[in-house]
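Reading the structure
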Amino acid sequence: GDSVTQMEGPVTLSEEAFLTINCTYTATGYPSLFWYVQYPGEGLQLLLKATKADDKGSNKGFEATYRKETTSFHLEKGSVQVSDSAVYFCALSEYNQGGKLIFGQGTELSVKP
Amino acid sequence: DVKVTQSSRYLVKRTGEKVFLECVQDMDHENMFWYRQDPGLGLRLIYFSYDVKMKEKGDIPEGYSVSREKKERFSLILESASTNQTSMYLCASSTGRGDIQETQYFGPGTRLLVL
């Protein structure tokens, strides 16, 4: 079945460092791909998404490109801030699955001043 | 803004109790979902609903049931709580256009401890 695999955390960075969180997926069709973020004490919120190969999603300085050839959707940010400390989830949604999301295990990011 | 609210942020129950977790959304969304979140496992889908009185099993429905009597409200029921149901429970909703790129909107979560 479909699955999503993320790099294990926690990831600890200093402020202004470059961030990459790896995400790879397995899917039978052509899924849409998402990154959700969960700030401490809150529910998840959509960070960005991409719906077809080579699409780039971007929001709040974060970017991810849908790479069909490597089945990947890595999250990047050029300069992280303390306020980016959160748990990041990669997810996919397949056609004809009624909008169900399949999530990766989450990657905790901690940014130190 | 879409708002999804959950009835409790923290809940402590005893083994064998019947537990109700309530979720309400205010955007007239068709789809509603219940997930549980456990460290290292991400979010796993318990049940979802496409319409009033409709429900579908997710990946881990055992030990749970749901109720959707009104469009805006989706309840998760633990018929007889067990310690392995200690977890964070997240409710979500989406428009239900049948579009695979549609966004799910999440509530703040209920952290349930079963003693």
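Procedures and definitions
Residues numbered from 1 in each chain as written. Chains lettered and ligands numbered in written order. Predicted model: local features only at pLDDT ≥ 70, side-chain atom pairs only at ≥ 80, totals over all residues. Heavy atoms only, no water. Helix = DSSP H or I, 4+ residues; strand = E, 2+ residues; numbered from the N terminus. Buried < 20%, exposed > 50% of the residue type's maximum accessible area, 1.4 Å probe, protein only. Contact = heavy atoms within 4.5 Å. Rg over C-alpha atoms; globule rule 2.2 N^0.38 Å. Areas by Shrake-Rupley, 256 points an atom, 1.4 Å probe, with all protein chains shown as cover. Lys, Arg positive; Asp, Glu negative; His and termini not counted. Charge placed at Lys NZ, Arg CZ, Asp CG, Glu CD. Pairing = 2+ DSSP bridges. Axes fitted to C-alpha atoms, helices over the stretch in contact; angles between N-to-C directions. Salt bridge = Lys/Arg side-chain N within 4 Å of Asp/Glu carboxyl O.

What follows is about the overall build of chain A. In terms of helices and strands, chain A carries zero helices and 12 strands. Reading the secondary structure of chain A in the N-to-C direction produces β-β-β-β-β-β-β-β-β-β-β-β. Summarising its shape, the C-alpha atoms of chain A cover approximately 45 × 30 × 20 Å along the three principal directions. By the burial criterion, 44% of the 113 residues in chain A qualify as buried. Excluding contacts between residues fewer than 6 apart, the proportion of contacts in chain A whose partners are at least 24 apart in sequence is 56%.

Counting secondary structure elements, chain B contains zero helices and 11 strands. The helix and strand sequence of chain B, counted from the amino end, reads β-β-β-β-β-β-β-β-β-β-β. Taking 115 residues into account, the globule formula puts the C-alpha radius of gyration at 13 Å, and chain B, at 13 Å, falls close to it. In terms of its C-alpha atoms, chain B occupies a principal-axis envelope of roughly 40 × 30 × 25 Å. Scored against the burial criterion, the 115 residues of chain B give a buried share of 49%. In chain B, the share of contacts with a sequence separation of at least 24, taken over all contacts with a separation of at least 6, comes to 56%. Counting only carbon and sulfur atoms, one obtains 49% of the accessible surface of chain B, whose full area is about 5,600 Å². The positive charge centre, built from 16 side chains, and the negative charge centre, built from 16, are 6 Å apart in chain B.

Before going further, it helps to spend a moment on the sheet that holds strand 7 (residues 64-70) of chain B. All names here are of chain B. Within the open sheet, the four strands sit side by side as 1-3-8-7. Their pairing is antiparallel. Looking at strand neighbours, the two that pair on one side only are strand 1 (4-6) and strand 7, the edges of this open sheet. With strand direction ignored, the average angle separating the axes of adjacent strands in the sheet is 20°. Alignment of strand 3 (residues 19-25) against strand 8 (residues 73-78), held across six bridges, turns out to be antiparallel. Its bridge partner being in strand 8, Val24 is matched across the sheet by Arg73.

Moving on, we get to the pairing of strand 5 (residues 42-49) of chain B. Residue and element names in this part refer to chain B. Across the eight residues of strand 5, seven count as buried, placing the element largely inside the fold. As paired strands, strand 4 (residues 31-38) and strand 5 are joined by seven bridges and run antiparallel to one another. Along strand 5, the bridge assignment pairs Tyr35 with Leu45. Of the strand pairs in this sheet, strand 5 and strand 6 (residues 56-57) are connected by two bridges, and their pairing is antiparallel. Note on strand 6: the bridge partner recorded for Phe48 is Glu56. The hairpin formed by strand 5 and strand 6 contains six residues between the paired strands, and Lys53 there has a positive phi angle of roughly 65°.

Here the focus is the pattern of salt bridges. A full pass over the atoms with the stated rule returns 10 salt bridges over all chains. A:Lys77 is the salt-bridge partner of A:Asp84, the closest N and O atoms lying 2.8 Å from each other. With respect to class, A:Asp84 is no different from A:Lys77; both count as buried. For the salt bridge of B:Lys53 with B:Glu69, the shortest nitrogen-to-oxygen distance reads 2.5 Å. A residue pair is termed long-range when its members are at least 10 positions apart, and B:Lys53 in the loop between strand 5 and strand 6 and B:Glu69 in strand 7 qualify at 16 residues. Neither residue differs from the other here; B:Lys53 and B:Glu69 are each classed as exposed. Residues joined in a network through salt bridges with shared partners are B:Asp28, B:Glu30 and B:Lys71.

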